[in-house]
Amino acid sequence: MDTTPKIETPEIETPKIEVAALRKQFGELVVLKDINLKVAAGSVVALIGPSGSGKSTLLRCINLLVTPDGGRVRVGEDSFAFGVGSKPPRTRELARFRTNTGMVFQHFNLFPHMTALGNVMEAPITVRKKPKAQAREQALALLAKVGLADKVDEYPSRLSGGQKQRVAIARALAMEPEVMLFDEATSALDPELVGEVLGVMQKLASEGMTMVIVTHEIAFAREVADRVIFMRDGVVIEEGPARQVIDAPREPATQAFLGHFH
Ligand code: ADP
Ligand code: MG
């Protein structure tokens, strides 16, 4: 019996994100095995799968926080190849690439000694050399967009988890990234705070931001994502339109995984 999963990779003219033949291992442990991924501009891809399947490593390879061992990663116009015969990216290229891919983590990592406003203004001023007045105006607009117009002068210690995470999203957006990556952005939140963060993510999606989200919020993935990718043990097992994968998964492994949520 042929047990090789059939992966249907969509034909996308010029995907905003393209990952090809991506490989990564930590020591002996192979964490990503020949991952191929295309994300159309303005679309949302949800990455689901059991803990340890390589979802975070894949996201970190997309913004090159983790250096792949092989394959190619492209976001927008910037493309890098890894492995035998490839030149490692230069530090400046890497820095530019990372600012173009906003990332939001499970833990907010806000600067504790800066207000919400200060957190959002920081990188545009120091990295982008934006004039302070302009950075401030942009930060105020972004904080209003995530529903925190009344919290701009608060320090992180005085914000709830959901508010902190919304500041973290505003901070990532301040770099005007072409794509946004979310790694379990709501997993550390108390249940009653999850909705306000998902609401901001949904709004971004509806405005046309290209997004890859790792999430355990299956209902949210079904609602907001265009496509869902199910990973296990460093391999893409199944990929398809969100509702098809979630409502009628084809692969037994996907069925078993989703079974835990029903
Ligand atoms: P997921 O996000 O799906 O839970 P991860 O990408 O975090 O999975 O991890 C995949 C595997 O890689 C796990 O076995 C994890 O322990 C291992 N791993 C992740 N990062 C590192 C690292 N920096 N060094 C060694 N092993 C790692
Ligand atoms: Mg993870």
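Here's what I pulled together on the structure shown here. (Residues numbered from 1 in each chain as written. Chains lettered and ligands numbered in written order. Predicted model: local features only at pLDDT ≥ 70, side-chain atom pairs only at ≥ 80, totals over all residues. Heavy atoms only, no water.)

### Some details on the sheet that holds strand β2 (residues 29-39)
Two pairing modes exist for strands in a sheet, parallel and antiparallel, and in both the strands are linked by backbone hydrogen bonds.
Phase 1: Pairing in this open sheet of 4 strands is antiparallel, and the strands run β2-β1-β4-β5 from one edge to the other. A single partner strand is all that each edge strand has here, and the edge strands are β2 and β5 (78-82). On average, each strand axis in the sheet is tilted by 20° relative to the strand beside it, whichever way the strands run.
Phase 2: Summarising the sheet, strand β1 (residues 17-26) and β2 pair through 7 bridges and their orientation is antiparallel. Bridge assignment links L22 to a residue of β2, and that residue is I35.
Phase 3: Relative to β5, helix α2 (residues 91-99) is tilted by about 125°, and along the sheet it contacts β4 (70-75) and β5. (Pairing = 2+ DSSP bridges. Helix = DSSP H or I, 4+ residues; strand = E, 2+ residues; numbered from the N terminus. Axes fitted to C-alpha atoms, helices over the stretch in contact; angles between N-to-C directions. Contact = heavy atoms within 4.5 Å.)

### As for the packing of aromatic side chains
Phase 1: Under the defined criterion, the tally for this structure stands at 2 aromatic pairs.
Phase 2: Taking the centre distance of 5.1 Å and the plane angle of 80° together, the rings of F80 and F97 count as edge-to-face. Placement of the pair is F80 in strand β5 and F97 in helix α2, with a sequence separation of 17 residues. The same class applies to F80 as to F97, namely buried. (Phe/Tyr/Trp six-rings, centres within 6.5 Å; stacked < 30°, edge-to-face > 60°. Buried < 20%, exposed > 50% of the residue type's maximum accessible area, 1.4 Å probe, protein only.)

### Quick notes on the side chain of N100
Phase 1: Considering the arrangement of structural elements, one finds N100 in the loop between α2 and β6 (101-104).
Phase 2: Its relative accessible area of 12% is what places N100 among the buried residues.
Phase 3: At a separation of 2.7 Å, a polar atom in the side chain of N100 contacts the side chain of E178.
Phase 4: For N100, the residues in contact, after removing those within four places along its chain, are V75, D78, E176, P177, E178 and V179. (Polar contact = N/O pair within 3.5 Å; in protein donor to acceptor, adjacent residues only side chain to side chain.)

### A closer look at the sheet that holds β6
Phase 1: Spatially, the 6 strands line up as an open sheet ordered β6-β7-β8-β3-β9-β10, and their pairing is mixed. A strand with exactly one partner marks an edge of an open sheet, and here the two such strands are β6 and β10 (235-241). Across this sheet, the average inter-strand angle for adjacent strands is 15°, counted without regard to direction.
Phase 2: In the sheet, β6 pairs with strand β7 (residues 179-183) via 4 bridges, with the strands oriented parallel. The residue bridging T101 from the neighbouring strand is V179, located in β7.
Phase 3: Running at roughly 155° to β7, helix α1 (residues 55-62) makes contact with β3 (44-48), β6, β7, β8 (210-214) and β9 (227-232) of the sheet.

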